[in-house]
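Coordinate analysis (summary)
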Amino acid sequence: MWFGRIEKKFSADMKHIYTAPTKQAAEAALNDFAEKWESKYSYAIGSWRNNWDELTVFFDFPLEIRKIIYTTNLIENLNGKIRKYTKNKMSFPTDDAVLKSVYLALKESTKKWTMPIQNWGIVLNQFILIFEKRLRL
C-alpha cells in the first residue's frame, strides 16, 4: 500500500518535467525532481539526464501537439485491447485470422472513443502548418 502512494507522488513530480512550457523550464523541473528523488531513484534520474536530448525532442513542437505526444493512455488502452484479443491464441491458422482479431479489438476499442480531443481545431491547424506536405484533408 505504501509503495502506491510513493509511486503516485513520484509520477506526479515527474509530470512537471514533461509538461513544462519550455525545454529550459523542463530542465529546471528535472533538477527539482532529482533533488527530491535521486537518493531513492538514481537510475531514473540518470536515465533522464543521459537521454535528455532524445526525451525532450517534443519541446520543438507547439504546446497543443506536445499534449498529444505525451498523452499515451489511448495508445496503451488500444495495445491492451489488442493483447486481450490475441493473448489466448498460441498461433493463428492464417494471416487473415490475425488481421480479423486485431480488427475486432479495434472495433471494440472505438466504441469507447466518445471524448473529442480538446482544442482539436487548433491542434489540426498546428499539424497542417508543420506537416503541410504530409497532411491532406
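First things first, this report covers the structure right here in the doc. (Residues numbered from 1 in each chain as written. Predicted model: local features only at pLDDT ≥ 70, side-chain atom pairs only at ≥ 80, totals over all residues. Heavy atoms only, no water.)

Let's talk about the packing of helix α5 (residues 63-70) against helix α8 (residues 120-130)
- Viewed as axis vectors pointing N to C, α5 and α8 meet at an angle of 100 degrees, and their least axial separation amounts to 8 Å. The angle between α5 and α8 falls in the class roughly perpendicular. Contacts between α5 and α8 involve Glu64, Ile65 and Ile68 from the former and Trp120, Ile122, Val123, Gln126, Phe127 and Ile130 from the latter.
- Taken together, the residues that form the contact of α5 with α8 break down as 7 nonpolar, 1 polar and 1 charged. (Axes fitted to C-alpha atoms, helices over the stretch in contact; angles between N-to-C directions. Helix = DSSP H or I, 4+ residues; strand = E, 2+ residues; numbered from the N terminus. Parallel < 35°, antiparallel > 145°, perpendicular 65-115°, else oblique. Contact = heavy atoms within 4.5 Å. Nonpolar A, V, L, I, M, F, W, Y, C, P; charged D, E, K, R; others polar.)

Describing the packing of helix α2 (residues 23-37) against helix α3 (residues 42-50)
- Where α2 meets α3, the axes come as close as 10 Å, and the angle between the chain directions of the two elements is 160 degrees. Taken as axis vectors, α2 and α3 run roughly antiparallel relative to one another. In terms of crossing hand, the pair formed by α2 and α3 is left-handed. Contacts between α2 and α3 pair Leu30, Asn31, Phe33, Ala34 and Trp37 from the former with Ser42, Ile45, Trp48 and Arg49 from the latter.
- Partitioned by chemical class, the residues of the contact of α2 with α3 number 6 nonpolar, 2 polar and 1 charged. (Left-handed = near helix turned anticlockwise from the far one by under 90°.)

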